[in-house]
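Overview (structure and organization)
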Amino acid sequence: MTTPNPFDEIERAFDTLGEGFGTDLTGITVDVVDEGDAFVVRADLPGYDSDDIDVTLQNRRLTIEAERETEAAAGDETFVTRERRHQSTSRTVQLPDPVEPDATANYDRGVLTVRLEKQGGAEGTDIPVN
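In this report, the structure presented in the accompanying data block is examined. (Residues numbered from 1 in each chain as written. Predicted model: local features only at pLDDT ≥ 70, side-chain atom pairs only at ≥ 80, totals over all residues. Heavy atoms only, no water.)

1. A few points about the overall build of the protein chain
Selection criterion: Strands here are runs of E lasting at least two residues and helices are runs of H or I lasting at least four, both read from the DSSP assignment and numbered beginning at the N terminus. Only protein chains enter the calculation, and the probe is 1.4 Å; a residue is then buried if its accessible area is under 20% of its type maximum, exposed if over 50%, and partly exposed in between. Here, residues are in contact when the closest pair of their heavy atoms is within 4.5 Å. Reported accessibility uses the Shrake-Rupley method at a 1.4 Å probe radius. Residues are deemed covered only where the shown protein chains occlude them.
Looking only at helices and strands, the protein chain features one helix and eight strands. Overall, the protein chain shows an N-to-C arrangement of helices and strands of α-β-β-β-β-β-β-β-β. Out of the 130 residues belonging to the protein chain, those deemed buried represent 25%. A separation threshold of at least 6 residues defines the contact pool for the protein chain, and within that pool the share at least 24 residues apart is 52%. When the accessible area of the protein chain is evaluated, it comes to approximately 9,100 Å², of which 47% is carbon and sulfur surface.

2. Regarding unusual backbone geometry
If you check the backbone angles, Asn59 has positive phi at about 55° while not being a glycine. Although it is not a glycine, Arg109 adopts a positive phi angle of roughly 50°. By secondary structure assignment, the location of Arg109 is in the loop between strand 6 (104-108) and strand 7 (111-117).

3. Brief notes about the pairing of strand 3 (residues 53-58)
Note the following rule: We treat two strands as partners when DSSP finds at least two bridges between them.
In strand 3, alternate side chains face the same way, and those of Ile53, Val55 and Leu57 are buried while those of Asp54, Thr56 and Gln58 on the opposite face are not. Hairpin connection, strand 3 to strand 4 (residues 61-68): the antiparallel pair is bridged by two residues, and Asn59 has positive phi, about 55°.

4. With respect to the sheet that holds strand 7
Using the following cut-off: Helix axes are fitted only over the stretch in contact, all axes being lines through C-alpha atoms; the angle between N-to-C directions runs from 0 to 180 degrees.
Taken in spatial order, the four strands line up as 1-2-7-6 in an open sheet, and their pairing is antiparallel. The open sheet has two free edges, formed respectively by strand 1 (30-34) and strand 6, since each of these has just one partner strand. Across this sheet, the average inter-strand angle for adjacent strands is 15°, counted without regard to direction. In this structure, strand 6 lies alongside strand 7, joined through five bridges in antiparallel fashion. Each bridged residue has a counterpart across the sheet, and for Asp108 the counterpart in strand 7 is Val111.

5. A word on the environment of Thr92
Put simply, the test is: Two N or O atoms form a polar contact when they lie within 3.5 Å of each other; inside protein one atom must be a possible hydrogen donor and the other a possible acceptor, and for residues adjacent in sequence the pair counts only when both atoms belong to side chains.
Within the secondary structure, Thr92 sits in strand 5 (residues 87-94). A sequence separation of 28 residues divides Thr92 from Ile64, and the C-alpha atoms of the two residues are 6.3 Å apart. At 3.1 Å, the side chain of Thr92 and the side chain of Thr63 are in polar contact.

6. Things to note about a negative patch on the surface
Put simply, the rule reads: Nonpolar side chains (Val, Leu, Ile, Met, Phe, Trp, Tyr) are joined into patches within 5 Å and like charges within 9 Å, using only residues with over 30% relative accessible area and no salt bridge. Here a salt bridge means any side-chain nitrogen of Lys or Arg lying within 4 Å of a carboxyl oxygen belonging to Asp or Glu. Positive: Lys, Arg. Negative: Asp, Glu. His and the chain ends are not part of the count. A charge is said to be at NZ when it belongs to Lys, at CZ for Arg, at CG for Asp and at CD for Glu.
On the surface, a cluster of negative charge is contributed by Asp54, Glu65, Glu67, Glu69 and Asp126. By secondary structure assignment, the location of Asp54 is in strand 3. Assessed through its relative accessible area of 46%, Asp54 is described here as partly exposed.

7. Considerations on the pairing of strand 7
Burial of strand 7 is one-sided: the residues Leu112, Val114 and Leu116 facing one way are buried, the residues Val111, Thr113, Arg115 and Glu117 facing the other way are not. In this sheet, strand 7 lies alongside strand 2 (residues 38-44) in antiparallel orientation, the contact comprising seven bridges. The residue bridging Ala38 from the neighbouring strand is Glu117, located in strand 7. Connecting strand 6 to the antiparallel partner strand 7 that follows it, the hairpin turn spans two residues, and Arg109 within it adopts a positive phi of roughly 50°.

8. A look at the nonpolar core
Grouped burial of nonpolar side chains is what soluble globular proteins tend to show. Counted only if it meets this: Nonpolar cores are built from buried Ala, Val, Leu, Ile, Met, Phe, Trp, Tyr and Cys residues. Side-chain atoms within 4.5 Å join them into one set.
Ranked by internal contacts, the top residues of the largest apolar core, which has 24 residues, are Leu45, Ile53, Leu112, Val114, Leu116 and Ile127. Contributions of two or more residues to this core are made by strand 2, strand 3, strand 4, strand 6 and strand 7. Residues contacting Ile53, with those up to four places away along its chain left out, are Leu45, Tyr48, Ile64, Glu65, Ala66, Tyr107, Leu112 and Val129.

Here it is in structure tokens:
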């Protein structure tokens, strides 16, 4: 008989707690800052490469999507525990005011920062991540 992994129990407890508060505690957490002339959105995405991240803007909706693949196991590896797996996550943020379509996005040490200048509405655009 296998002993239950205490970390699995903790993860299930967080999932249950998040559902109770209507929050997904395992999703992308964001801060949206109003700097007067622009909105700055900061999102925590640890463990991803910039190539794994897609950022799109449609009207006033900023969508952040990230996906990473599981690393292939070497032929001689025997796992005792394997928790790192394929993972995808996304988050959409509704901005309070229209923004320009030419936003900038930078990814550094697990934090994505998107700067969106306020002004006229956007038709929709992809935002490259540097």
